[in-house]
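Structural characterization, general
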Amino acid sequence: MIGRARAAPVCRGRQHGVALVLALAVVALAAAAASAILHAQSGWLRVESLRSDRAQALAAADAALDWARAALAREARATGVDHRLEPWAAHIGPLEVEGATVSGWLDDAQGAFNLNGIAPQGRVLPAQLDRYRRLLAVLGLPAGLADALADWLDSDARASGPDGAEDAFYLALAAPYLAANQPLAERGELARVRGYDAQVLERLRPHVVALPVATAVNVNTATPEVLCALLPGSDLGAARALVLERERRPFRSLADFAARAGDRGPDSLDGLAVGSAWFIAQVRVRAGEVVVSAEALLSRAATGAPSIVWRRRG
Ligand SMILES: [Ca+2]
Ligand SMILES: [Ca+2]
């Protein structure tokens with residue numbers, strides 16, 4: 001009896017202790033569950049917020065692209081000459097548009113040398129290949145790159161000299177493939193052509209383009225290096241001087257261009273122009289925490305808004 005009478009308070013104390021621990025555990029579990037729910041909710045809200053920001057940014061980018069197309073359509077009606085003193089060439093923004101910050105600009109794609117003009121119908125045009133060779137020389141790049149690209153574009157399987165490359169060359173690589181034997185789908189495809197490593201691509205990038213059809217170079221927007229390649233008797237210094245003058249007083253016609261180039265004029269006016277039909281639109285949009293960039297190739301006909309040939313969004 002005495003033993004039981006002494007044991008009872010200890011047992012009650014233990015029971016209280018166990019109950020307290022259980023209560024604390026329940027409270028801790030409830031707190032953890034509440035925290036997990038709040039965390040899940042805040043994560044969901046953040047995802048929804050980012051999704052909404054991205055949708056808003058994409059809509060603003062599309063609107064900016066439509067604005068650029070309308071601007072080009074207005075220019076086409078006004079004049080057949082295109083140069084960088086015209087409104088289309090102005091950088092736009094950053095502008096606040098319905099909660100988004102938009103900036104963008106248009107580049108004349110015909111200010112670069114169109115690589116697909118070298119062999120437009122599967123047959124190499126020697127005059128165009130010569131211009132490309134001169135461009136490579138101006139840029140300090142090996143002349144053999146021209147033959148390798150000519151073979152990539154032409155429809156035959158005969159290598160153009162020691163630096164050319166057809167199927168036999170590409171099939172001997174560790175990861176073999178075939179020569180395209182057709183126009184480049186995009187400038188980045190150059191990386192598959194013999195000799196076009198990252199350094200060569202970086203050097204070429206501002207001066208070349210791969211448009212779906214053969215196009216003329218616009219002498220009003222050509223880079224000094226491209227202009228120099230068009231003027232066999234010229235050098236880069238003279239081409240830069242011509243560009244500086246052109247920025248104040250654009251060429252009104254090819255005759256005007258030939259006259260102002262003087263003794264160092266072009267060997268031929270074939271493949272040259274003072275206007276353009278191909279433009280690249282660049283758009284950057286920030287909405288909330290989301291930044292969207294868009295790039296599009298625009299093709300302009302004589303009338304109407306330019307069509308979008310391709311569009312990339314990132
Ligand atoms: Ca070929
Ligand atoms: Ca060939």
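Structural data are supplied above this passage.
Positions within a chain are numbered from 1, following the residues in the order the chain's sequence is written. Written order determines the labels here, with chains lettered from A and ligands numbered from 1. Totals for whole chains, interfaces and linings use all residues, but because this is a predicted model, local features are given only for residues with pLDDT of at least 70 and pairs of side-chain atoms are given and counted only at 80 or more. Based on all heavy atoms of the structure, the side-chain values leave hydrogens and waters out of the count.

Thoughts on the overall build of the protein
Cut-off, in case you're wondering: Secondary structure counts use DSSP, requiring at least four H or I residues in a row for a helix and at least two E residues in a row for a strand, with both numbered from the N terminus. The size measure is the radius of gyration over C-alpha atoms, and the globule rule it meets is 2.2 Å times the number of residues to the 0.38 power. Only protein chains enter the accessibility calculation, which uses a 1.4 Å probe; a residue is then buried when its area is under 20% of its type maximum, exposed when over 50%, and partly exposed in between. We call two residues contacting when some pair of their heavy atoms lies within 4.5 Å. Here the accessible surface of atoms and residues is derived via Shrake-Rupley with a 1.4 Å probe, and residues count as covered only by protein chains that are part of the display.
Check the secondary structure of the protein and you find eight helices and nine strands. On C-alpha atoms alone, the protein measures out to a radius of gyration of 32 Å, which is more than a quarter above the 20 Å that the 2.2 N^0.38 rule sets for 314 residues. Counting all 314 residues of the protein, 40% fall into the buried class. Taking all contacts inside the protein whose residues are at least 6 apart in sequence as the whole, residues at least 24 apart take part in 60%. For the protein, the accessible surface area stands at approximately 16700 Å², while carbon and sulfur atoms represent 59% of it.

Thoughts on the packing of helix α2 (residues 126–138) against helix α3 (residues 144–153)
Put simply, the rule is: Simply put, an axis is a line fit to the C-alpha atoms, just over the touching stretch for a helix, and the angle between two N-to-C directions goes from 0 to 180 degrees. The cut-offs work like this: below 35 degrees is roughly parallel, past 145 is roughly antiparallel, 65 to 115 is roughly perpendicular, and the gaps in between are oblique. Less than a right angle of anticlockwise turn of the near helix away from the far helix marks a crossing as left-handed, whereas a clockwise turn marks it as right-handed. Any residue outside Ala, Val, Leu, Ile, Met, Phe, Trp, Tyr, Cys, Pro, Asp, Glu, Lys and Arg is labelled polar, Gly included; the first ten of those are nonpolar and the last four are charged.
Packing of α2 against α3 brings their axes to within 9 Å, and their N-to-C directions diverge by 140 degrees. Classified by the angle their axes make, α2 and α3 are oblique. Of the two possible hands of crossing, α2 and α3 adopt the one that is right-handed. Contacts between α2 and α3 involve L129, Y132, R133 and L136 on the former and, on the latter, L145, A146, D147, L149 and A150. Residues that form the contact of α2 with α3 fall into these classes: seven nonpolar, no polar and two charged.

Considering the coordination of the calcium ion (ligand 1)
Octahedral metal centres with six donors ideally show angles of 90 or 180 degrees, and tetrahedral centres with four donors ideally show 109.5 degrees. Condition: Atoms are scored as donors when they are N, O or S and lie within 2.8 Å of the metal, with 3.2 Å used for Na, K and Ca; no water is included, so coordination may look incomplete.
Within the protein, the atoms that donate to the calcium ion (ligand 1) are D151 (O), D154 (O), D154 (OD), D156 (O), E166 (OE), E166 (OE) and N181 (OD1), at distances of 2.3 to 2.6 Å. Here the donor residues for the calcium ion (ligand 1) map to a single chain with the spacing D-x2-D-x1-D-x9-E-x14-N. On the basis of relative accessible area, D154 is assigned to the buried category, the value being 3%. Exposure remark for D156: the relative accessible area of 21% places this residue in the partly exposed category.

Looking at the coordination of the calcium ion (ligand 2)
For the calcium ion (ligand 2), the full set of protein donor atoms is D151 (OD), D154 (OD), D154 (OD), D156 (OD), R158 (O) and E166 (OE), at a range of 2.3 to 2.9 Å. Read in sequence order, the donor residues for the calcium ion (ligand 2) give the motif D-x2-D-x1-D-x1-R-x7-E.

Quick word on the pattern of salt bridges
Note the following rule: Salt bridge, as used here, is a side-chain nitrogen of Lys or Arg placed within 4 Å of a carboxyl oxygen of Asp or Glu.
Enumeration according to the criterion identifies 20 salt bridges in this entry. For the salt bridge of E289 with R46, the shortest nitrogen-to-oxygen distance reads 3.0 Å. Placement of the pair is E289 in the loop between β7 (278–287) and β8 (290–299) and R46 in helix α1 (residues 2–78), with a sequence separation of 243 residues. By relative accessible area, R46 is classed as partly exposed at 45%. For the salt bridge of R252 with D256, the shortest nitrogen-to-oxygen distance reads 3.9 Å.

A word on the nonpolar core
Rules: Working definition of a nonpolar core: buried Ala, Val, Leu, Ile, Met, Phe, Trp, Tyr and Cys residues. They are joined through side-chain atoms within 4.5 Å.
Core analysis: the largest hydrophobic core is formed by 49 residues, its most contacted members being Y132, L149, W152, Y196, L204, V219 and L227. Contributions of two or more residues to this core are made by α2, α3, α5 (198–204), α6 (224–230), α7 (236–248) and α8 (254–261). Per-element accounting of this core gives the leading share, seven residues, to α3. Aside from chain neighbours lying at most four places away, what touches V219 is L227, L230, R246, F251, L254, F257, L272, A273 and V274. In terms of nonpolar packing, the next biggest core, distinct from the first, is built from 23 residues, A64, A100, A294 and L298 among them.

A look at the sheet that holds strand β1 (residues 92–97)
The cut-off we apply is this: Being paired, for any two strands, means DSSP has found at least two bridges between them.
Judged by pairing direction, the sheet is antiparallel, and its five strands sit side by side in the order β1-β2-β7-β8-β9 without closing on themselves. At either margin of the open sheet sits one strand with a lone partner, and together these are β1 and β9 (307–313). If you compare each strand with its neighbour and ignore which way they point, the axes differ by 20 degrees on average. Pairing geometry for strand β2 (residues 100–108) and β7, over nine bridges, is antiparallel. Residue G104 lies in a different strand from β7, and its bridge partner there is V283.

In short, geometric facts, not functional conclusions.
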